[in-house]
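Summary of the model geometry
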Amino acid sequence: MDLKETMAINMRRVRHQKALTQEELADRAGLSTRYIGAIERADVSASVTVLGRIADALEVKPSVLIS
């Protein structure tokens, strides 16, 4: 499994644990819903900056999303 897939799985898991929709996460992170969906499908790689924004929006450390 590559890092894109790992992040996709972890991001979706944490988002569900926090009972957030993709739209709510996108709003909190200042990103588009479409981009959040693409990351969760492992269609795109998130930059380090975007990783940080998503982690902040989910209130977790970035390492939670990529480990």
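This write-up is about the structure you can find in this document. (Residues numbered from 1 in each chain as written. Predicted model: local features only at pLDDT ≥ 70, side-chain atom pairs only at ≥ 80, totals over all residues. Heavy atoms only, no water.)

So, on to the nonpolar core. By size, the foremost hydrophobic cluster in this structure holds 18 residues, and its most contacted members are Met7, Met11, Ile36, Ile54, Leu58 and Leu65. Those elements that place two or more of their residues in this core are α1 (3-17), α2 (22-29), α3 (33-40) and α4 (48-58). In terms of residue count, the dominant contributor to this core is α4 (six residues). Contact partners of Leu65, with chain neighbours within four places excluded, come to Thr6, Met7, Asn10, Met11, Leu51, Ile54, Ala55, Leu58 and Val60. (Core = buried A, V, L, I, M, F, W, Y, C linked by side-chain atoms within 4.5 Å. Buried < 20%, exposed > 50% of the residue type's maximum accessible area, 1.4 Å probe, protein only. Helix = DSSP H or I, 4+ residues; strand = E, 2+ residues; numbered from the N terminus. Contact = heavy atoms within 4.5 Å.)

Inspection of the entire model under this criterion finds three salt bridges. Glu40 is the partner of Arg15 in a salt bridge, and the nearest nitrogen-oxygen pair spans 2.6 Å. Linking Arg15 in helix α1 with Glu40 in helix α3, this pair joins segments that are 25 residues apart in sequence. We classify Arg15 as buried; its relative accessible area is 7%. Owing to a relative accessible area of 3%, Glu40 belongs among the buried residues under this scheme. The partner of Arg41 in a salt bridge is Asp43, with the nearest N and O atoms 2.9 Å apart. A relative accessible area of 48% means that Asp43 is categorised as partly exposed. (Salt bridge = Lys/Arg side-chain N within 4 Å of Asp/Glu carboxyl O.)

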